[in-house]
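A closer look at the structure
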Amino acid sequence: MIELEDIGELRDPVMIAAFEGWNDAGEAASAVIEHLAEVWDAEVVAALDPEDYYDFQVNRPRVVSEGGKRRISWRTTRVLVARDTSLGRDVVLVQGVEPSFRWRAFAVELMELAEATDVSMVVTLGALMADVAHSRPIPVTATSDSEDTRHRHDLEPSGYEGPTGIVGVLADAASQVGIPSVSCWAAVPHYAGHSPSPKATAALVGRLEELFDAPVEHGELDEDARAWERGINELAESDTEVAEYVESLEEAQDTAELPEASGDAIAKEFERYLRRRGTDEPGAP
């Protein structure tokens, strides 16, 4: 870990991490970190030495020009700190590229930083291609291996078994050192998985709002998501096969969601909305 700035003492911090690569369909997850860094004015405080974790033939360095001078920019994983966020706590943001090798050492370095800064929770973000309709809300699955965390945030345990990416390794590393972790995954329509996917990014930001019961500024995300959806609509209108396929996905998704439209589910969702918007007061509608 290369320290660039003194981190100092943080206020009840949480860590939110996402990585470009296998875990990042449509660049939806990594875009969340970029968005949060921008709206919270986060500053870079550290970076992992790229020599230790990256194959430069896969993640090639770039030549950049700054102030009339050319230099080499090495792609790596950076750590940013956002203070005075809308969550009412400080946030450690991990933004980078899935490493090429030494994943365990990579995860250990990040967890040592989490422990040193007293991080109370690690949230990993991912996105995957799935059979979902672009015209419906993007599904976001939030899970945790911690029973207390599941109970506190109304989450589900993960039943997934199979290959994993660096976010899965990082979540396991957090559990090994006793830091609760939450994993949030957005489902990106596979027929519209080209980058970027702002609707999936907005869905992940919305899930973070629910998780922390606090609003996050969306900026242009919602408008970008609507423009993205309009673009896919135009594609579907010009191709009968695509239109029929999208319609079948819409019907399947609507049918699958019907059991969730119970009175209890609707009431719970409305309570979450009120808490996020700060209107859960006596007499509030």
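A brief structural summary. (Residues numbered from 1 in each chain as written. Predicted model: local features only at pLDDT ≥ 70, side-chain atom pairs only at ≥ 80, totals over all residues. Heavy atoms only, no water.)

1. Quick look at the side chain of Gln95
Condition: The numbering of helices and of strands both runs from the N terminus, where a helix is a DSSP run of H or I of at least 4 residues and a strand a run of E of at least 2. Under the rule applied, a polar contact is a pair of N or O atoms within 3.5 Å (in protein, one hydrogen donor and one hydrogen acceptor; residues adjacent in sequence only if both atoms are side-chain atoms). Contact between two residues is taken to exist if any of their heavy atoms lie within 4.5 Å; hydrogens are not considered.
Mapped onto the elements, Gln95 comes out in strand β7 (residues 91-97). Polar side-chain contacts of Gln95 include one of 2.6 Å to the side chain of Arg78. Filtering out sequence-adjacent residues up to four positions away, Gln95 remains in contact with Ala18, Ile33, Glu34, Thr76, Thr77, Arg78 and Leu80.

2. With respect to the environment of Arg83
Our working definition: Relative accessibility thresholds used throughout: buried, under 20% of the residue-type maximum; exposed, over 50%; partly exposed, between the two (1.4 Å probe, protein chains only).
The topology assignment puts Arg83 in the loop between β6 (78-82) and β7. By relative accessible area, which is 30% here, Arg83 ends up partly exposed. Considering only alpha carbons, one finds Arg83 and Asp41, 42 residues apart in sequence, at a separation of 8.1 Å. Within the structure, Arg83 has its side chain in polar contact with the backbone oxygen of Glu9 (distance 3.5 Å).

3. Brief notes about the packing of helix α3 (residues 103-116) against helix α5 (residues 166-176)
The line we're drawing: Structural elements are reduced to axes, namely lines fitted to C-alpha atoms, with helices fitted over the stretch in contact, and the angle between N-to-C directions of any two is expressed from 0 to 180 degrees. Orientation categories follow fixed angle ranges, with anything under 35 degrees roughly parallel, anything over 145 roughly antiparallel, 65 to 115 roughly perpendicular, and all other angles oblique. In this scheme the crossing of two helices becomes right-handed for a clockwise turn of the near helix relative to the far one and left-handed for an anticlockwise turn of less than a right angle. Each residue gets one label: Ala, Val, Leu, Ile, Met, Phe, Trp, Tyr, Cys and Pro are nonpolar, Asp, Glu, Lys and Arg are charged, and the others, such as Gly, are polar.
The geometry of α3 relative to α5 is characterised by a closest axis approach of 9 Å and an angle of 50 degrees between their N-to-C directions. As far as their axial angle goes, α5 and α3 are oblique. By crossing handedness, the relation of α3 to α5 is classed as right-handed. Of α5, the residues touching α3 (which contributes Trp103, Phe106, Ala107, Leu110 and Met111) are Ile166, Val169, Leu170, Ala173 and Ala174. Of the residues belonging to the contact of α3 with α5, the class tally is ten nonpolar, no polar and no charged.

4. What to know about the packing of helix α1 (residues 28-39) against helix α6 (residues 198-212)
Here α1 crosses α6 at 60 degrees, and the two axes come no closer than 8 Å. Of the two elements, α1 crosses α6, and the hand of that crossing is right-handed. Note on element contacts: α6 touches α1 through Ala200, Thr201, Leu204, Val205 and Leu208, opposite Ala28, Ala29, Ala31, Val32, His35 and Leu36. Along the lines of polarity and charge, the residues of the contact of α1 with α6 split into nine nonpolar, two polar and no charged.

5. Quick look at α5
This is how the line gets drawn: Within this analysis, the arc is defined by the directions that extend from the helix axis to the C-beta atoms.
Three or more residues of α5 are buried, namely Ile166, Val167, Leu170, Ala171, Ala173 and Ala174. Viewed along the axis of α5, the buried residues span an arc of 160 degrees, placing them on a single side of the element. Positive phi appears at Gly178, one or two residues downstream of α5, with a value of about 85 degrees.

6. What about the pairing of strand β2 (residues 14-20)?
Condition: Any two strands with at least two DSSP-identified bridges between them are counted as paired.
Counting buried positions over the seven residues of β2 gives six, a clear majority of the element. Two strands pair when backbone bridges link them, and β2 and strand β8 (residues 122-130) are joined in this way by three bridges, in the parallel orientation. Residue pairing in the sheet places Ala17 in a bridge with Thr124 of β8.

7. Notes on the nonpolar core
To keep things clear, this is the line we draw: Nonpolar core, defined: a set of buried Ala, Val, Leu, Ile, Met, Phe, Trp, Tyr and Cys residues in which side-chain atoms within 4.5 Å join the residues together.
Core analysis: the largest hydrophobic core is formed by 40 residues, its most contacted members being Ile16, Leu93, Val123, Leu125 and Phe212. Every element with two or more residues in this core is listed here: β2, α1, β6, β7, β8, β9 (140-143), β10 (181-189) and α6. No other element matches α6, which puts eight residues into this core. Residues within four places of Leu93 in sequence aside, it is in contact with Ile16, Ile33, Leu36, Ala37, Ala42, Arg78, Val79 and Leu80. Ile7, Ala17, Ala107 and Leu170 belong to the second largest nonpolar core, which has 29 residues in total.

8. Some details on the sheet that holds β9
The eight strands are arranged β1-β3-β6-β7-β2-β8-β10-β9 in an open sheet whose pairing can be described as mixed. Taken across any chain shown, the strands that pair with only one partner, and hence form the sheet edges, are β1 (2-3) and β9.

9. Topic: the pattern of salt bridges
This is how the line gets drawn: Salt bridge criterion: a side-chain nitrogen from Lys or Arg within 4 Å of a carboxyl oxygen from Asp or Glu.
Applying the stated criterion to the full structure yields ten salt bridges. Residue Arg230 is joined to Glu223 by a salt bridge in which the shortest nitrogen-to-oxygen separation is 3.3 Å. A relative accessible area of 43% means that Arg230 is categorised as partly exposed. Glu223 sits in the partly exposed class, given a relative accessible area of 40%. Bridged by salt links that share partners, the residues Arg136, Glu250 and Asp254 form one connected network.

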